[in-house]
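Each chain, letter by letter, is given below.
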Amino acid sequence: MPAADVLARLNRRFGYDERSAAILVFPVVAVLLVVAAYPILYSFWVSLHDIVLTRPLRRPFVGGDNYLRIFGDERFWLAVSRTTVYTVATVAVTTLLAMLVALLLNESFPGQRFLSALLLVPWATPSVVNGLMWKWIYDPTYGLLNALLLKVGLIERYRAWLGDPDLTLMLIANAAIWKQMPLAALLLIVTMKAIPDDLYRAAKVDGANVVQRFLHVTLPALRPGLMLVLVYETMISIRHFDLFLIMTQGGPGDASFTLSWLIYVETFRSLRFGTGAAMSYVLAMATFLLSWAVIRWLGKRI
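Heads up: these notes are all about the structure in this document. (Residues numbered from 1 in each chain as written. Predicted model: local features only at pLDDT ≥ 70, side-chain atom pairs only at ≥ 80, totals over all residues. Heavy atoms only, no water.)

Quick notes on the overall build of the protein
1) Next: Broken down by element type, the protein carries 15 helices and 0 strands.
2) Next: For the protein, the C-alpha radius of gyration of 26 Å lies well beyond 19 Å, the compact-globule estimate for 302 residues.
3) Next: Taken over 302 residues, the protein has a buried fraction of 36%.
4) Next: Excluding contacts between residues fewer than 6 apart, the proportion of contacts in the protein whose partners are at least 24 apart in sequence is 67%.
5) Next: Carbon and sulfur atoms form 69% of the exposed surface of the protein, whose accessible area is close to 18,400 Å². (Helix = DSSP H or I, 4+ residues; strand = E, 2+ residues; numbered from the N terminus. Rg over C-alpha atoms; globule rule 2.2 N^0.38 Å. Buried < 20%, exposed > 50% of the residue type's maximum accessible area, 1.4 Å probe, protein only. Contact = heavy atoms within 4.5 Å. Areas by Shrake-Rupley, 256 points an atom, 1.4 Å probe, with all protein chains shown as cover.)

Printed below as a string of structure tokens:
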């Protein structure tokens, strides 16, 4: 039998078959529909109804009234402003620190591998442990921050750091930055490793100094990694909830009353699932639009 016929029979028997591929993919698609698509659609259905668990048998359809109600709520806009401040501060400082750490660890020096491994410790720390650790550091009676500042003479007595409305949001942001920065730095290091050395040698021949090489060689080549870092950090920061639950529970007063915390209070404390679901969709759309804007803005420059 000619070799061509043998190959043709093998291809017909073992080659790509759309029906077989569909059968193999179907279980994965079914699982995604059950665990992802259905909850999303159901939560949107909930957002169109006035559902309050204190009267579970009465679920009137209200259409977009839940959305109009939350847009007219002062608490919502306060939460939006707090979320905006927290997100901008967290993303900006995380990206800047990640850039500096990536530039440092991209160089060869004694202990570079040890520092690279040590960098993973904050990122590998569970979120709950991270929140508890920083809550203890800020503790007004036995916190490490008070002890250090008192030791060097910067304060005269212990302070309740998380009880200060002017500092609370930034102190929580500091805890988030400590955990999120290592992953951002690793993403930037991976991007830096892909930059050809020839570009740096050519820049040196042209007389470019360290700053000029960073601005004209490193920074343009880092745009894909920066885009990934900005999108990821924005998505994480705008939806942060665990640190607020563990460290302040929205307090003191409304100092750390972010949008994710308002959704929790509306849904699980006030038991108003309709408006809670509507707020969740607003938060999801805000996350999507911000990510799309960053990708579109940086994508044009890649």
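Here's the deal with the packing of aromatic side chains
1) Next: Under the definition given, this model contains 14 aromatic pairs.
2) Next: With a centroid separation of 5.7 Å and an interplanar angle of 20 degrees, the aromatic rings of Y42 and W45 are classed as stacked. Of this pair, Y42 and W45 both sit in helix α2 (residues 18–47), separated by 3 residues, roughly a single helical turn.
3) Next: Among the residues examined, W45 registers a relative accessible area of 39% and is labelled partly exposed. (Phe/Tyr/Trp six-rings, centres within 6.5 Å; stacked < 30°, edge-to-face > 60°.)

Here we look at the side chain of T218
1) Next: Take T218: it is sitting in helix α11 (residues 210–221).
2) Next: At 2.7 Å, the side chain of T218 forms a polar contact with the side chain of Y200.
3) Next: Setting aside its immediate chain neighbours within four residues, T218 contacts L103, M192, I195, Y200 and R213. (Polar contact = N/O pair within 3.5 Å; in protein donor to acceptor, adjacent residues only side chain to side chain.)

Regarding the environment of W123
1) Next: Looking at where W123 falls in the secondary structure, it is placed in helix α6 (residues 120–124).
2) Next: For W123, a relative accessible area of 40% puts it in the partly exposed group.
3) Next: Not counting residues within four places of it along the chain, the set of residues in contact with W123 comprises K179, P182 and L183.

Considering unusual backbone geometry
1) Next: A cis amide bond links G251 to the next residue, P252, at an omega of -5 degrees.
2) Next: With respect to the helices, strands and loops of the structure, P252 is situated in the loop between α13 (242–247) and α14 (259–269).
3) Next: Non-glycine residue Q249 carries a positive phi angle of around 55 degrees.
4) Next: A residue is classified by how much of its surface remains accessible, and Q249, at 43% relative accessible area, is partly exposed.

A look at the pattern of salt bridges
1) Next: Within the structure shown, the criterion is met by 7 salt bridges.
2) Next: The partner of R75 in a salt bridge is D73, with the nearest N and O atoms 3.4 Å apart.
3) Next: Since its relative accessible area comes to 31%, R75 is described here as partly exposed.
4) Next: In this structure, the salt-bridge partner of R82 is D254, at a minimum N-O distance of 3.4 Å. Highlighted residues: R82 in helix α4 (residues 74–105) and D254 in the loop between α13 and α14, separated in sequence by 172 residues.
5) Next: For D254, a relative accessible area of 36% translates into the label partly exposed. (Salt bridge = Lys/Arg side-chain N within 4 Å of Asp/Glu carboxyl O.)

Points about α4
1) Next: Between its first and last C-alpha, α4 extends 46 Å over 32 residues, near the 46 Å set by a 1.5 Å rise per residue.
2) Next: Structurally, the start of α4 carries an N-cap: the backbone nitrogen of R75 is 2.9 Å from a side-chain oxygen of D73. (Expected span 1.5 Å × (residues − 1).)

Let's talk about the packing of α11 against helix α12 (residues 223–238)
1) Next: At a closest axis distance of 5 Å, the pairing of α11 and α12 adopts a crossing angle of 55 degrees. In terms of their interaxial angle, α11 and α12 are classed as oblique. Contacts from L219, P220 and A221 of α11 reach α12 at R223, P224 and L226. (Axes fitted to C-alpha atoms, helices over the stretch in contact; angles between N-to-C directions. Parallel < 35°, antiparallel > 145°, perpendicular 65-115°, else oblique.)

Some points on the packing of helix α9 (residues 168–193) against α12
1) Next: Closest axis-to-axis distance for the α9/α12 pair is 9 Å, and the angle between their directions is 165 degrees. Relative to α12, α9 is oriented roughly antiparallel. In terms of crossing hand, the pair formed by α9 and α12 is right-handed. For the pair formed by α9 and α12, the contact residues are Q180, L183, A184, L187, L188 and T191 on the first element and G225, L226, L228, V229, Y232, E233, I236 and S237 on the second.
2) Next: Split by residue class, the contact of α9 with α12 holds 9 nonpolar, 4 polar and 1 charged. (Left-handed = near helix turned anticlockwise from the far one by under 90°. Nonpolar A, V, L, I, M, F, W, Y, C, P; charged D, E, K, R; others polar.)

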